[in-house]
Amino acid sequence: DVKVTQSSRYLVKRTGEKVFLECVQDMDHENMFWYRQDPGLGLRLIYFSYDVKMKEKGDIPEGYSVSREKKERFSLILESASTNQTSMYLCASSLSAWEGKNTEAFFGQGTRLTVV
Amino acid sequence: AQSVTQPDIHITVSEGASLELRCNYSYGATPYLFWYVQSPGQGLQLLLKYFSGDTLVQGIKGFEAEFKRSQSSFNLRKPSVHWSDAAEYFCAVVALYNTDKLIFGTGTRLQVFP
């Protein structure tokens, strides 16, 4: 089974702290994603990576950065956490759609981040 | 840029009734289309997907969806809803411009009455 593992289920951080959310996948997927999920807003894409060191902004990248130094690991960084970043954060991975590959995305269990 | 619209925020049905959840996308060519379900406190689970071929696709838990290119729609259906189907349902699209960016709709919350 494909496994996408997020390092924490729950996090509480203080305003202004630098926060790292880690995600690891074990199926050699090219693509990795970070979303935040808020009631009534669905899943909004923060950042997307299609290869090591390659990234693309999603719909709401402000206040976030990402790092992908190894294929299996994709980190989301909140440079200076703010209360409006309190949310559920979901990581996902998928194969590249090129060459007709099955590009179904697999999700981690999520990290509920509270910024106080 | 691609986008996904789920016009129904909340739907309530009686157990045993039929269900249709609507999904419309904006993209010039044929995208890859997905429906995911999220039960309370649970992660996202793939219900079904469309890549190409037969426009009526079957998924898990008795769900099906039909891709209609002329309407840019990918509606989810189930002939008889069970109480355990109460959850939030998300439609998603990969537009295949030159990367595999996966974009979600805002979701439809399904409530089932006995």
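Ranked by internal contacts, the top residues of the largest apolar core, which has 50 residues, are Y35(A), F107(A), W35(B) and Y89(B). It is strand β10 (residues 87-94) of chain B that contributes the most residues to this core, seven residues altogether. With sequence-adjacent residues up to four places away left out, Y35(A) is seen in contact with L43(A), R44(A), L45(A), I46(A), M88(A), Y89(A), L90(A), A92(A), F107(A), L102(B) and F104(B). Grouped together as the second largest cluster of nonpolar side chains are 20 residues, C23(A), M32(A), Y47(A) and V115(A) included.

Residues and elements named next belong to chain B. With respect to the element layout, A95 can be found in the loop between β10 and β11 (102-104). The exposure class of A95 is buried, given its relative accessible area of 1%. When the C-alpha atoms of A95 and S26 are compared, they prove to be 9.0 Å apart, with 69 residues separating the residues in sequence. If sequence neighbours within four positions are ignored, A95 has contacts with Q2, Y27, P31 and K101.

Moving on to the state of the cysteines. Under the criterion given, the structure shown has two disulfides over all chains. Residue pairing for C23(A): its cysteine sulfur links by disulfide to C91(A), the two sulfurs lying 1.9 Å apart. One quick way to see it: the torsion about the S-S bond of C23(A) and C91(A) is about -80°, and its sign makes the bridge left-handed. Separated by 68 residues along the polypeptide, C23(A) in strand β3 (residues 19-25) and C91(A) in strand β9 (residues 87-94) bring together distant segments of the chain. Side by side, C23(A) and C91(A) carry an identical accessibility label, which is buried. The side chain of C23(B) participates in a disulfide bridge whose partner is C91(B); the two sulfur atoms lie 1.9 Å from each other. Disulfide C23(B)-C91(B): torsion about the S-S bond near -65°, hence left-handed. Placement of C23(B) in the loop between β3 (19-21) and β4 (24-26) and of C91(B) in strand β10 is noted, with a sequence separation of 68 residues between them. C23(B) sits in the buried class, given a relative accessible area of 0%.

Thresholds applied
Residues numbered from 1 in each chain as written. Chains lettered and ligands numbered in written order. Predicted model: local features only at pLDDT ≥ 70, side-chain atom pairs only at ≥ 80, totals over all residues. Heavy atoms only, no water. Core = buried A, V, L, I, M, F, W, Y, C linked by side-chain atoms within 4.5 Å. Buried < 20%, exposed > 50% of the residue type's maximum accessible area, 1.4 Å probe, protein only. Helix = DSSP H or I, 4+ residues; strand = E, 2+ residues; numbered from the N terminus. Contact = heavy atoms within 4.5 Å. Disulfide = S-S within 2.5 Å.

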